[in-house]
Amino acid sequence: MKQKRRRQLELGLVAQGSVRGAAPGAGRDRRAADRLDLGYARLRQLYELGALLGSTDAKAAAPQALRCLGHTMPLRVAMLIEVSAGSAHTFALRAQAVPDAEVDLAAAHARSCLARLAGVTQLAQGRLELGAEPLPLPAKSGAPGRSPFAALPLLLDRREVSGALYVRGARALGEADLAFLSAAADQISLAWDGHVAWQREVRLRQRAEALDRAQKDLVAVVSHDLRNPLGALLIGIQTLRRWPQLEAAKVREHLDTLHRAAERASKLVHDLLDVARLDAGKLVDDLTPVDAGALLREAAELMRPLLAERALTCETRVEEGLPPVFADRERLLQVFSNLIGNARKFAREGSTVSVAAWQEEGEARCCVCDEGPGICAADLPHVFDRYFQGPHGPTAHGVGLGLSIARGIVEAHGGRIWVESDEGRGSRFFFTLPLAAG
């Protein structure tokens, strides 16, 4: 009988205290075995967490990551908080029966802890997303400790605090719990770091591809569109040199041709320089309060002789009392001139080009309308693209830089530009500008 009881004790089949005369160390052995089992269970959870974060977008895997923590630790609330533009964006899971008020209190505390970890005074409350599934009930858990919560930093490049892992325990957290959470936070940090590095690589690759396309487009423009006016210049000069005794009328005709070719080449060079300034962020400067209505009328007067060549009339309408806009005067004049010049190309001969300005929704709104053939639906999304030359859109007769430059100027002022068009019924180009502070 004694041998049978001794065997039961060795196998751990008899509860502590159920056998009179049990070995004094049996309880300690069982506790040690439980701690060992819990350690192995947490190692498995860390392995699963690493596999999860490595197989998907680390930030999209927040629900599964937090659930991994709950399998071996009794938690009431678990959160992942990310810092972005001075705000704390939070994803949270809670246990069954945890009220919303407790989640809100935990989110505020987590935000305060993260502010201290990041070394800032405070963080604004950003997006708070609460997962639908509750935290799981742990199959195993360790002995209670002294800490009711834990907030662990999530680091980028092992230096910059980009967020935090925050939990509130269903019981006080012990040293083993904190060690497990620290290891989990390290894995999440590495995954976030990898995701940020991947996004940076994608952006750099896209920028490199865009620069390569821009270089090829520039070579194409210079080799084709600049070659044509230069060729016309050379031919005209050769003709005048070969026949110096030409009649005065013929000489004037050749000089007019040379002048138009030189103007075209000069405009193209200026457009290319504007594109370079736009890419460098130096196209717009010297922002001052400008009377948009007066500038609109000035642009119309400057373009009137060119419009008259195609028997076009120009109508201007400016809302009475339109406040001044905050703008670079010369660049704003360039936008009006580009849009009116574009309308001149496509307006039906003998029709009207309308230019208007008014105040709407706290900003100045301008519009240039023509009565041309309009723009086909397939070309509309690309009208403002650099070097775009649609078969019947507003860039069909040009290099495709004017509207792109106009967009760059408007956006550099903090405005928007867009086009509305119906085939056969003309086009309407709109842009907005911020009003100058009163």
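A.B. asks: Tell me about helix α9 (residues 329–346), and please be specific about residues and values.
C.D. replies: If you check α9, its first and last C-alpha atoms are 26 Å apart, about what 18 residues at 1.5 Å a residue would give, namely 26 Å. One side-chain oxygen of the residue at the start of α9 lies 3.2 Å from the amide nitrogen of glutamate 330, identifying that residue as aspartate 328.

A.B. asks: Which residues make up the packing of helix α8 (residues 292–308) against α9, and what are the values?
C.D. replies: Two numbers describe how α8 lies on α9: the axes approach to 9 Å, and their chain directions differ by 40°. The angle between the axes of α8 and α9 places the two elements in the oblique class. The hand of the α8/α9 crossing is right-handed. Contacts from Ala292, Leu295, Leu296, Glu298, Ala299, Ala300, Leu302, Met303, Leu306 and Leu307 of α8 reach α9 at Arg329, Leu332, Leu333, Phe336, Ser337, Ile340, Gly341 and Arg344. For the contact of α8 with α9, the residue count by class is 13 nonpolar, 2 polar and 3 charged.

A.B. asks: Pulling in residues and values, what's your account of the sheet that holds strand β12 (residues 427–434)?
C.D. replies: In space, the 5 strands of this open sheet follow the order β7-β9-β10-β12-β11, with mixed pairing throughout. The sheet is open, and its two edges are formed by β7 (313–318) and β11 (417–421), each paired on a single side. Adjacent strand axes in the sheet meet at a mean angle of 15° when their direction is disregarded. Sheet analysis places β11 next to β12, joined by 5 bridges and oriented antiparallel. When the sheet's bridge partners are listed, serine 421 is paired in β12 with serine 427.

A.B. asks: How would you explain the pattern of salt bridges if you had to name every residue and give the values?
C.D. replies: On inspection of all chains with the given rule, the structure shows 16 salt bridges. Here arginine 205 ties to glutamate 201 by a salt bridge, and the two come within 4.0 Å at their closest N and O atoms. Here arginine 205 pairs with glutamate 201, and both are found in helix α5 (residues 175–224), just 4 residues apart, close to one helical turn. Of the charged contacts, one joins glutamate 360 and arginine 365 as a salt bridge, the two residues approaching to 3.2 Å between their closest N and O atoms. Take arginine 365: its relative accessible area is 11%, and that puts it in the buried class.

Each value, and the rule that gives it
Throughout, residues of each chain are indexed from 1 in the direction in which the sequence is written. Thresholds applied to this predicted model are a pLDDT of at least 70 for local features of residues and 80 or more for the giving and counting of side-chain atom pairs; totals over whole chains, interfaces and linings are not thresholded and use all residues. Processing note: side-chain calculations cover all non-hydrogen atoms of the structure and skip hydrogens and water entirely. Numbering of helices and strands runs from the N terminus, with a helix taken as a DSSP run of H or I at least four residues long and a strand as a DSSP run of E at least two residues long. Multiplying one less than the number of residues by 1.5 Å gives the expected span of a helix. Under this definition, polar contacts are N or O atom pairs within 3.5 Å; protein pairs additionally need one hydrogen-donor-capable and one acceptor-capable atom, and for neighbouring residues in sequence, both atoms have to be side-chain atoms. Think of each axis as a best-fit line through the C-alpha atoms, taken over the contacting stretch in the case of a helix, with angles from 0 to 180 degrees between the N-to-C directions. The labels follow the angle: roughly parallel below 35 degrees, roughly antiparallel above 145, roughly perpendicular from 65 to 115, and oblique for the rest. Each crossing gets its hand from how the near helix is turned against the far one by less than a right angle, where anticlockwise is left-handed and clockwise is right-handed. The criterion used for residue contact is that any of the two residues' heavy atoms lie within 4.5 Å. Any residue outside Ala, Val, Leu, Ile, Met, Phe, Trp, Tyr, Cys, Pro, Asp, Glu, Lys and Arg is labelled polar, Gly included; the first ten of those are nonpolar and the last four are charged. For two strands to pair, DSSP has to find at least two bridges joining them. Take a side-chain nitrogen of Lys or Arg and a carboxyl oxygen of Asp or Glu: if they are within 4 Å of each other, that pair is a salt bridge. When a residue's accessible area, from a 1.4 Å probe over protein chains only, is under 20% of the maximum for its type it is buried; when over 50% it is exposed; and in between it is partly exposed.

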